[in-house]
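# Notes for the structure review
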Amino acid sequence: MNLSNAQYLEILNHSLSSGGEYSEIFYEDFYGTSIVYDNGKIEKINFSSRKGASIRVVSAEETIFAHTNDPTYENLMNLAETLRKNASERFGSNNIVKVEELKEAEKRDFAPFEIPFDNVSVEQKVEKVLKGVELLKNADKRIKQITVSYADSSRKVKIVNSEGKIVEDIRNYPHYAAIIFAQDEEGNLFRGYSSDGANMGFEFFTDEMIEKVTKDAVRQVVSQIEGVDAPAGEFTVVLSSEAGGTMIHEACGHGMEADLVLSGSVYREKVGKEIASQKITVVDDGTDKNKRGTLNYDDEGTPTQRTVLIEKGVLKGYMHSKITAKKFGVEPTGNGRRESYMVLPIVRMRNTMILPGEDDPQDIIKSVKYGIFVRKMGGGQVDVISGDFQFGVDEGYIIENGEIKQSIRGASLVGNGLKVLESIDMVGNDLGYGVGTCGKDGQGAPVSDAQPTIRIPKLIVGGIVKGGNN
């Protein structure tokens, strides 16, 4: 979509000519490749692409929206005319906004990359998959099933809006994952899963990264085969920095997205109040170099930033899009994101994390007489409004007299995100990341989450054997 500034101005001003406070043209050019090894062979190689643009016009709390997969000047003018007619019927405003000038936004580079994915052959990408498969085949004879997936995608976006901004950004999303099933002597199957991702080019797929992902998957599955049934009850729980930030993302972060705050999340009307341990500072950082949730600008053209959500236990604010920021009377935080040009932006996390504290992770483990060490969190369920959660534990161990002992299997963590934040009494000086694609309102967004090693004095552990010793 390389139109002249005069054409952009004509489209924006036409869309606003019957009313509306804000208008925006959003353009997207996307391509991607996914390769999956399964059932002893390369099972599928998929290529995908899409290109298109949309226009939205906003008036107060109402938005009208249209999109096209052929973003020529003529088609965009047709969309603008459709929206103008709708605005005339719905908004009924005599205050017509007119955009006089457009300026290109400052170039930012929080996600530099070296090798574009379309400069790499499919054969080279398949080699990366087979590298992981070979490592897994030779890792442990008890492994019975191997799935390795490779994915890359590149998304170029351009936002031209009635604030007079022209913003361009390129997001590159490499992702690599290993899933294995291994069998014990009784024929029971256990699963190991590990993945990694970023916002960078093909250079992400190093041998070192592939070896780490496959080793993590193998270590998980072996820990379960050789583990004992998890005890159940209330325990001191140490979450490793390697556990990823599933809890901070799911049970806490969603509740601080401003649209869910408006829906009544547990964090509503708590800005300025102490809601967590004074050892806890939580940020959502869109500028963390090359992380999977990093953006130079969000999908509304707002510069990303490190947004402080909780500082030393005090709730400082929420994550905002342009629309929610206006409702709260604050500035947008660069959290307006959309899966494609065909949908509207909504408030989304980027890289959400608890910042490191001052405790040595080893001292945290030594402080526990009897408890649970969680090295890898699994999936689960969470009520994003209340913060109540249940998460599986993919890799866990008993802590006894300050030492990590027997591995366990079948464990889960049950609690409430806000109460966990209040109770954390030790925060490590390390930091580990997890990656994923967050789903919300039918849209997926690449994100990462992170945390240091933390100690939760009391947390319900769901296990297999009733009882427990606390």
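On a predicted model such as this, the values are computed, not experimentally measured, just so you know.

## A closer look at the sheet that holds strand β23 (residues 443-451)
What the six strands build is an open sheet, ordered β13-β12-β11-β16-β23-β22; its pairing is mixed. Edge positions in the sheet fall to β13 (314-315) and β22 (432-440), since each has one partner strand and no second. Pairing of β22 with β23 involves nine bridges; the strand directions are antiparallel. The residue of β23 that forms the bridge with Tyr433 is Ala450. The sheet strands contacting helix α5 (residues 246-253) are β11 (282-285), β16 (351-354), β22 and β23, and the helix crosses β23 at an angle near 120 degrees.

## Observations concerning the environment of Gly444
Relative to the elements of secondary structure, Gly444 occurs in strand β23. Residues contacting Gly444, with those up to four places away along its chain left out, are Glu339, Arg348, Thr437 and Cys438.

## Examining the state of the cysteines
Counting across every chain of the model gives zero disulfides. The thiol of Cys438 is not disulfide-bonded; the next cysteine sulfur, from Cys252, is found 14 Å away.

## Side note on the side chain of Ser265
Position of Ser265 relative to the elements: it lies in the loop between α6 (258-262) and β11. In this view, Ser265 contacts Gly255, Leu260, Val384 and Ile385; residues no more than four positions away in its chain are not counted.

## Quick look at the pairing of strand β10 (residues 233-239)
Within β10, five of the seven residues are buried, leaving the element largely enclosed by the surrounding structure. Looking at chain direction, β10 and strand β24 (residues 454-462) are connected through six bridges and run antiparallel. Bridge pairing in β24 links Gly233 to Val461. Looking at chain direction, β10 and strand β17 (residues 370-382) are connected through four bridges and run parallel. Looking at the pairing, Leu239 lines up with Val374 of β17.

## Some remarks on the layout of surface pockets
The volume enclosed by the largest pocket comes to roughly 1,000 Å³. Ser195, Tyr433, Gly434, Val435 and Asp449 are, among the 45 residues lining the largest pocket, the residues nearest its centre. Mapped by element, the contributors of at least two residues to the lining of the largest pocket are β8 (189-197), α4 (207-225), α5, β17, β18 (388-400), β22 and β23. Grouping the amino acids of the lining of the largest pocket by side-chain chemistry returns twelve nonpolar, 21 polar and twelve charged. Each pocket or cavity is described by its volume, and for the second largest pocket that value is around 470 Å³. Contributing to the lining of the second largest pocket are 25 residues, with Phe30, Ser153, Tyr173, Arg292 and Pro446 lying nearest its centre. Elements that contribute at least two residues to the lining of the second largest pocket include exactly β1 (22-38), β2 (41-59), β5 (143-161) and β23. Split into classes, the residues belonging to the lining of the second largest pocket amount to six nonpolar, nine polar and ten charged.

Analysis parameters
Residues numbered from 1 in each chain as written. Predicted model: local features only at pLDDT ≥ 70, side-chain atom pairs only at ≥ 80, totals over all residues. Heavy atoms only, no water. Pairing = 2+ DSSP bridges. Helix = DSSP H or I, 4+ residues; strand = E, 2+ residues; numbered from the N terminus. Contact = heavy atoms within 4.5 Å. Axes fitted to C-alpha atoms, helices over the stretch in contact; angles between N-to-C directions. Disulfide = S-S within 2.5 Å. Buried < 20%, exposed > 50% of the residue type's maximum accessible area, 1.4 Å probe, protein only. 1 Å grid on protein atoms, 1.4 Å probe; cavity = no way out; pocket = protein on both sides within 12 Å on 5 of 7 lines; lining within 4 Å. Points joined across faces, edges and corners; volume = space filled by probe spheres on them. Nonpolar A, V, L, I, M, F, W, Y, C, P; charged D, E, K, R; others polar.

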